[in-house]
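Read off the chains here:
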Amino acid sequence: MTDITVKFMNDLTVFVESPLFVAALTALICLWIHLLWRKATRRTYDADADKQYKDAQRLAHIGHWEYSIHDNHLIWSDEVYRIFAIEKHEFDNTLDSFFDLIPPDDRHAIRTQYAHAIQNHEDYEGIHRIIRKNGETIYVREHCQTFFDKRGNATRSLGTIQDVTEQEVTKNELRQAKYKAEAATRTKSAFLATMSHEIRTPLNGILGMLQLLTTTPLDQEQDEYVSLAITSSERLSDLLCDILELTELETDRIKLGRELFNFHNTVSDIVDIFSNKAAQKGILLQLHISSDIPTLLMGDEVRLRHVLFNLIGNAVKFTDQGSVSINVVMLSGIFEGKMTVLFTIIDTGPGIPDDILHMIHESFTQATDVSVRKHGGAGLGLSIVQGLTKLMCGSLTISTEEEVGTKIFLSLPLESADADISYPRPPQQECKCPSAGRKVLLVEDDAINQTAIGTLLRKQGLHVDIAKNGREALSKVRNDNHQLIFMDIQMPVMDGMQATQAIREGGAGIDKTDIPIIAMTAYGMADDRKRFIQAGMNDYLAKPVSLEGLLKVLDREIGQTVTG
């Protein structure tokens, strides 16, 4: 061994035995151990993370997939296989195999939507059905994003699939339940409307005959009986109107009108209707309308009348002593032609018990069984008022105290009209009897109504011609000269609407197109009147027809004919 070698070995021994070498070697060994530990930990962590990820997918029923567009290779996660209930060896990883799982009715739409999303560089999302191999149908929600190369060519899509069968089944069940409920409501409404119409027709005959009796000599007792019978008939007619209004509200068929009307006169007229009844009961009926409310307003006068008629009528009906006051003020100034009007109706009636107050807006409900027996009524009024108020975007609040009285606060949005628009109020005068010898045509298929209305008209000095249906009416109008036509709506062969249209189009002669036609029908809604007027009729009388209403129409229409 050379001296150099010996020296090297001696130096190496000294170095190995030095503290520096020992420290360096220790550090190297620790580093190696740390690296081994990190590698093992990462492997364990990745395994745990993968397990947690798969567990999360399983719990949420969400799987993921990746589709390589160039080589038509589709990869599913384990959860997708579970959702579709197939084994991995049963799927060949192609897009066509996936579409084979989709029902034929949905397949084309899904392909088209996916292709459209790629074409427009958009994400695709949708819900569709999948048929499992056992024939079971499930619903899945898909969401995917497509990636493109620098040239804009689609390269691959990444997406998720979630089993939403339970949600979709629940949604379909709720939808079916809603359809059934709506169908039941429509059936009920159609039944009530039909029955109301069918009841009005004989009721018109009853009231007509009773009114004919008033034109004959009667002693005091007979006159009292006839008056009570007429009052009962009118109450039944009012009930039918309420039923029709309620069915219209329940089926959302009511459309608000927007017409110019005299607000002050409308409110005053409603109060005047109940003034006699209030006087008979010995109660004070007061009305105050704030002077800052414009006289002419825009809105649905018919609905406003109906709401006020019910509220004021109830206050007078249930108040046996004291007073009923109606105060009308404007809550705020007029802004861009709009305002809010507050009606406060205060009565000193019995009040409403707290345990019943929440029920009075329900149909066929009144305050107590005792009040039903005492005052009568079907309990539809406030239910209709609530519905109409909501329809008019207003609000209704009731404050009441037993044995003290009730306060009703009704606020409604209304529109002001231009000040330069004139709206003359029709003069209040007694109806004049039309000139004798005038000929009118009564188009009515019901024999009793033919007799009742026909006799009432003849007692006014008129010649009455009768037609049983619209086609017969066209023939009579064509071959004779009538100054006025009373037209029923629902008739066999040809109804009143068709007959009116034919007359207006010259079907009964060019010289007969302008003859006044009055709808006289059991259809009693405000919207019906608009429909008849739009169809070419001049006016409308709802059955049962009152003698007063008949005389007013005769006075107006025959007068126009004579002076024209």
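Above this text you will find the structure in question.
Since this is a predicted model, take the numbers as computed values, not measurements.

**Details of the pattern of salt bridges**
In this structure the tally under the stated criterion is 16 salt bridges. A salt bridge links Asp106 to Arg129; the nearest nitrogen and oxygen atoms lie 2.9 Å apart. In this pair, Asp106 sits in helix H5 (residues 104–119) while Arg129 sits in strand E3 (residues 124–131), placing the two residues 23 residues apart along the sequence. For Asp106, a relative accessible area of 17% translates into the label buried. Using a relative accessible area of 25% as the deciding quantity, one classes Arg129 as partly exposed. Overlapping salt bridges bring together Asp269, Glu301 and Arg305 as one network.

**Observations concerning the environment of Asp269**
Considering the arrangement of structural elements, one finds Asp269 in helix H8 (residues 263–273). The class of Asp269 is partly exposed, set by a relative accessible area of 21%. Sequence separation of Asp269 and Phe309 is 40 residues, and the distance between their C-alpha atoms is 9.8 Å. Here Arg305 takes part through its side chain, which lies 3.4 Å from a polar atom of the side chain of Asp269.

**Focus: the sheet that holds strand E13 (residues 439–443)**
Overall, parallel pairing links the 5 strands, which are arranged E14-E13-E15-E16-E17 in an open sheet. Strands at the two margins of the open sheet, each flanked by one partner only, are strand E14 (463–467) and strand E17 (539–542). Averaged over all pairs of adjacent strands, the angle between strand axes in this sheet comes to 20°, irrespective of strand direction. Strand direction decides the pairing type here: strand E16 (residues 517–521) and E17, joined by 4 bridges, are parallel. Residue pairing in the sheet places Met520 in a bridge with Leu541 of E17. Those strands touched by helix H15 (residues 470–479) are E13, E14 and strand E15 (484–487), and its axis lies near 135° from that of E14.

**Notes on empty space enclosed by the protein**
In this structure the tally under the stated criterion is 2 cavities of 30 Å³ or more. In this model, the largest cavity occupies a volume close to 110 Å³. Surrounding the largest cavity, Trp65, Leu74, Trp76, Leu95, Phe98, Phe99, Ile110, Tyr114, Tyr124, Glu142 and Ile161 form its lining. Counting residues per element, the ones that place at least two in the lining of the largest cavity are strand E2 (73–76), helix H4 (95–99) and H5. It is H4 that provides the largest number of residues to the lining of the largest cavity, a total of 3 residues. Broken down by class, the residue content of the lining of the largest cavity amounts to 10 nonpolar, no polar and 1 charged. Estimated volume of the second largest cavity: approximately 30 Å³. In terms of lining, the second largest cavity is formed by Gly257, Glu259, Gly299, Asp300, Glu301, Val302 and Lys530.

**Some details on the pairing of strand E9 (residues 323–330)**
On E9, burial follows the alternation: Val324, Ile326, Val328 and Met330 on one face are buried, whereas Ser323, Ser325, Asn327 and Val329 on the facing-out side are not. Pairing of strand E7 (residues 284–289) with E9, which is carried by 6 bridges, proceeds in the parallel orientation. Looking at E9, one finds that Leu284 is bridged to Ser323. In the sheet, E9 pairs with strand E10 (residues 338–347) via 7 bridges, with the strands oriented antiparallel. Along E10, the bridge assignment pairs Ser325 with Ile346.

Each value, and the rule that gives it
Residues numbered from 1 in each chain as written. Predicted model: local features only at pLDDT ≥ 70, side-chain atom pairs only at ≥ 80, totals over all residues. Heavy atoms only, no water. Salt bridge = Lys/Arg side-chain N within 4 Å of Asp/Glu carboxyl O. Helix = DSSP H or I, 4+ residues; strand = E, 2+ residues; numbered from the N terminus. Buried < 20%, exposed > 50% of the residue type's maximum accessible area, 1.4 Å probe, protein only. Polar contact = N/O pair within 3.5 Å; in protein donor to acceptor, adjacent residues only side chain to side chain. Pairing = 2+ DSSP bridges. Axes fitted to C-alpha atoms, helices over the stretch in contact; angles between N-to-C directions. Contact = heavy atoms within 4.5 Å. 1 Å grid on protein atoms, 1.4 Å probe; cavity = no way out; pocket = protein on both sides within 12 Å on 5 of 7 lines; lining within 4 Å. Points joined across faces, edges and corners; volume = space filled by probe spheres on them. Nonpolar A, V, L, I, M, F, W, Y, C, P; charged D, E, K, R; others polar.

Keep in mind these numbers describe shape, not what the thing actually does.
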